Amino acid sequence: MASIRQFQVTFDCADPERVARFWCEVLGYVVPPPPEGFATWDDFDRSLPPEDRGSAFACVDPSGAGPRLFFQRVPEGKVVKNRLHLDVRVGTGLVGEERLAALEAECARLVGLGAVRVRLLPADGVSESCLVMQDVEGNEFCLD
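Residues numbered from 1 in each chain as written. Predicted model: local features only at pLDDT ≥ 70, side-chain atom pairs only at ≥ 80, totals over all residues. Heavy atoms only, no water.

Undergrad: Would you take a moment to explain the nonpolar core for this structure?
TA: The nonpolar side chains of a soluble globular protein tend to be buried with one another. W23, L69, F71, M133, F141 and L143 are the most contacted members of the largest nonpolar core, which totals 24 residues. Of all the secondary-structure elements, those providing two or more residues to this core are β1 (8–13), α1 (16–27), β2 (56–59), β3 (68–73), α3 (96–112), β6 (130–134) and β7 (140–143). With six residues, the single largest contributor to this core is α1. Those residues in contact with W23 that sit more than four places away from it in its chain are F11, G28, L69, F71, L86, V88, D135 and F141. (Core = buried A, V, L, I, M, F, W, Y, C linked by side-chain atoms within 4.5 Å. Buried < 20%, exposed > 50% of the residue type's maximum accessible area, 1.4 Å probe, protein only. Helix = DSSP H or I, 4+ residues; strand = E, 2+ residues; numbered from the N terminus. Contact = heavy atoms within 4.5 Å.)

Written out as structure tokens, the structure reads:
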């Protein structure tokens, strides 16, 4: 049996391009080139039937190491907590006040991009501190 070596993380959302561009800024990802035959993503989008325009967007890790993120428009809004979330690893290897300072600095940057700080989960003797946040459409993620 072959093992799976690549995967894509898919977000259901109302505004795929807006959410994708937010995550590009958070993770240092980039928008991939448009499909062959199109100079821009806007050109490609205009080629679609009206009901499909703006229905999807993606971003990729420029190093190729991280998964592709895909954003698809869905009609319903988010109403409950995510069953899956991303942990954005900004404090790896740091502890105590040094870790909190790194988390707070990244939190401030992301709030400037439209994220919302939800709460600090303080170190408890087993796990180090992390910050629970929401992206521009309310999807939870953690600064870890």
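Still more to cover.
Undergrad: Looking at this model, I keep getting lost on the sheet that holds β3. Mind explaining?
TA: Pairing between the strands of a sheet is mediated by backbone hydrogen bonds and can be parallel or antiparallel. Strand order in the open sheet formed by three strands is β1-β3-β2, and the pairing between neighbours is mixed. Of all the strands in the sheet, just β1 and β2 have a single pairing partner and so form its edges. Adjacent strand axes in the sheet meet at a mean angle of 20°, parallel and antiparallel pairs treated alike. With six bridges joining them, β1 and β3 adopt parallel strand pairing. (Pairing = 2+ DSSP bridges. Axes fitted to C-alpha atoms, helices over the stretch in contact; angles between N-to-C directions.)

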